[in-house]
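Close look at the chain arrangement
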Amino acid sequence: MAQHFKLISCISLFLLLLVPSNAEKPTHKKPLLPSKYENLEIKKPLIVSSNSENPKLLHAPSNSENLATKKPQPFGFLNHLKGGKKGENLAGIRELKKYLNKFGYLNYKSINGHDNDHFDEMLEAAVKTYQANYNLKITGILDSETISKMVMPRCGFPDIINGTNSMTKKHEGHQHHGSNKLHIVAHYSYGSYKWPAGKTHLYYWFETHITYSSIKRAVARAFNRWASYTQHFTFEETLDYQSSDLTVTYYRGDHGDGSAFDGPGGVLAHAFFPTDGRLHFDVDERWSIGAIPNYVDLESVAVHEIGHLLGLGHSTVPDAIMYPSISYGVVKTNFHADDVRGIKALYNI
Ligand SMILES: [Zn+2]
Ligand SMILES: [Zn+2]
């Protein structure tokens, strides 16, 4: 009976694999934003460069448009929850529920399920899943290691998509054989979305307000990194939105795609799986070209987001480009073997 079931599962999986994921999708031509947002003003980012000995300010938005550093950190509420555990009522737990919901860990059936400060069983399960994904001790308690991981600035792309934990699914069937033995499990993940086989040369388009060549160069370098690592994709800038496959834009707050940005800190950027092609940076971050303390390196974040544009999900390996969070003041643009394995497996290259 069990074998029968296994066979049926295999056949279903095979059939699923046969369905081209982009079959019913038009070849990506749609307006940038829904009509409600069509007049949305796109802001210019605060950006500094570390190319000279003294960091050079490339662009400082005017006082009225620059909210950077004035707002509390979006994930700052987590610091007040340290030590929290199941059964307790703590002010701010509802914010944690929203956080875990946003990144795919928690999905209450009742619409009000998340709107209270009770640390319930579902929340404990979500915290445990989060701890497993981030290689933390699985306690279900909001210990300081868990909180320090959660407050890190990160990508807005969820770790769990429609209930599928993209960060652990590749571990299935793997057994650890002791620390001194090589284990070849892949920690990368990817969805069922990818660019069609013949589509290897992708055109990217910058929102017209991105006029700073240093920003364009940093993003172009990030594309080139993927080109050399994959030996499969090539990328080219186009000035024509209609002929572009990928689009790069800065937004502030709610910008019409259901994933509002949250001001300085918190979520830095997000991107969409193929063949959508949109990459959005949060304009309110303190961006830098190169490593500057308290600033986030634009190229590092771009390399990560391009991984999503190509179909990769998040990795559990902290050194991998596809790890969800990044520290301030660092440059992280070198691929890890895990990233390379991920893209090679996805495109069979
Ligand atoms: Zn991401
Ligand atoms: Zn967006």
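These lines cover the structure that appears in this document, whether it is placed above or below. Given the structure is predicted, the values throughout are model-derived calculations rather than measurements.

**Section: unusual backbone geometry**
Of note, the amide linkage connecting proline 274 to threonine 275 takes the cis form, showing an omega dihedral of -5 degrees. If you check the backbone angles, glutamine 231 has positive phi at about 50 degrees while not being a glycine. Using a count of 10 C-beta atoms within 10 Å as the deciding quantity, one classes glutamine 231 as exposed. At asparagine 348, a residue that is not glycine, the phi angle is positive and equals roughly 55 degrees. Looking at the element boundaries, asparagine 348 is found in the segment after α7 (337–347). On the basis of neighbour count, asparagine 348 is assigned to the exposed category, with 8 C-beta atoms found within 10 Å.

**Brief notes about the sheet that holds strand β6 (residues 201–206)**
Across the sheet, which stays open at both edges, the six strands sit in the order β3-β9-β10-β8-β6-β7 with mixed pairing between neighbours. Each of the sheet's edge strands pairs with one partner strand only, and the pair in question is β3 (154–155) and β7 (234–237). Of the strand pairs in this sheet, β3 and strand β9 (residues 267–271) are connected by two bridges, and their pairing is parallel. What sits directly across from cysteine 155, in β9, is alanine 269. The strands touched by helix α5 (residues 213–230) within the sheet are β6, β7 and β8 (246–251), with β7 carrying the most contacts at an inclination of about 160 degrees. Contacts from helix α6 (residues 298–309) reach β3, β8, β9 and β10 (278–282) within the one sheet, and its direction differs from that of β9 by about 35 degrees.

How each quantity is defined
Position numbers for residues start from 1 in each chain and track the written sequence from start to end. All chains are assigned letters beginning at A, and all ligands numbers beginning at 1, according to the order in which they are written. With the structure being a predicted model, the display of local features is reserved for residues of pLDDT at least 70 and the display and counting of side-chain atom pairs for 80 or more, all residues being used for whole-chain, interface and lining totals. Buried, partly exposed and exposed are defined by the number of other C-beta atoms within 10 Å of a residue's own C-beta, namely 20 or more, between the two limits, and 12 or fewer respectively, with C-beta atoms placed from the backbone. Helix and strand definitions here come from DSSP, where helices need a minimum of 4 consecutive H or I residues and strands a minimum of 2 consecutive E residues; each element is numbered from the N-terminal end. In short, DSSP must find at least two bridges between two strands for them to pair. Here contacts are defined at the residue level, using C-beta atoms placed from the backbone and a cut-off of 7 Å between them. Between the N-to-C directions of two axes lies an angle of 0 to 180 degrees, each axis being a line fitted to C-alpha atoms and, for a helix, fitted only over the stretch in contact.

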